[in-house]
Amino acid sequence: MKRIVLLAAFALSQAIAAAAQDRPAAMNQGQMDRLDRNRNGAVDQSEYESFMTSAFASLDKNKDGSLRKEEVGQLLNAQQFAATDANRDGRLTQSEFLNRVMADFKAADRSGDGHLQ
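Here's what I pulled together on the structure shown here. (Residues numbered from 1 in each chain as written. Predicted model: local features only at pLDDT ≥ 70, side-chain atom pairs only at ≥ 80, totals over all residues. Heavy atoms only, no water.)

## As for unusual backbone geometry
The phi angle at K63 is positive, at roughly 55 degrees, despite the residue not being glycine. Tracing the sequence through the fold places K63 in the loop between helix 3 (45–59) and strand 2 (66–68). K63 sits in the exposed class, given a relative accessible area of 56%. Phi is positive for R88, close to 55 degrees, though the residue is something other than glycine. Checked against the element boundaries, R88 lands in the loop between helix 5 (78–84) and strand 3 (91–93). Classification of R88 by relative accessible area gives exposed; the value is 59%. (Helix = DSSP H or I, 4+ residues; strand = E, 2+ residues; numbered from the N terminus. Buried < 20%, exposed > 50% of the residue type's maximum accessible area, 1.4 Å probe, protein only.)

## So, the nonpolar core
Ranked by internal contacts, the top residues of the largest apolar core, which has 20 residues, are V43, Y48, M52, L67, F97 and V101. For this core, the secondary structure elements donating two or more residues are helix 2 (29–35), helix 3 and helix 6 (94–108). Residue contributions to this core peak at 6 residues, all from helix 3. Discounting residues that sit within four places of it in the chain, L67 has contacts with F56, L59, D60, V72, F81, R91 and L92. (Core = buried A, V, L, I, M, F, W, Y, C linked by side-chain atoms within 4.5 Å. Contact = heavy atoms within 4.5 Å.)

## Observations regarding the side chain of E71
For E71, the position within the fold is in helix 4 (residues 69–72). In this structure, E71 is buried with no salt-bridge partner, the nearest side chain bearing the opposite charge being R68 at 5.4 Å. Those residues within four positions of E71 in sequence are excluded, and the remaining contacts are L59, D60, K61, N62 and S66. (Lys, Arg positive; Asp, Glu negative; His and termini not counted. Salt bridge = Lys/Arg side-chain N within 4 Å of Asp/Glu carboxyl O.)

## Side note on the packing of aromatic side chains
If you walk through the whole model with that rule in mind, you get 2 aromatic pairs. On the numbers, 5.5 Å between centres and 45 degrees between planes, the contact of F56 with F97 is tilted. In this pair, F56 sits in helix 3 while F97 sits in helix 6, placing the two residues 41 residues apart along the sequence. Classification of F97 as buried rests on a relative accessible area of 0%. (Phe/Tyr/Trp six-rings, centres within 6.5 Å; stacked < 30°, edge-to-face > 60°.)

What follows is the structure in structure tokens.
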């Protein structure tokens, strides 16, 4: 479980950092391998979304359906948190979170085929 949370935290930080900088961060091969559930050598959109949904749930310590600054701790700085908090209410809903990370996925999918390789 701790390994999943750590991986989730890393993936979250990479995705949000990329969002704040307006460009997606590249995943290394080890990260790709962990996300590639069907072992086809690529991470497809559904694999990524499933992983990020689980990451959100793991980070939502109080299980209120949102992430507060305290729950993301050192993973996000104030600018990164604000870039993801679309409605500026001080918390990240699962929808806000997934909108951001899936936009990052699409930006990283340079071929537009729904896969990261």
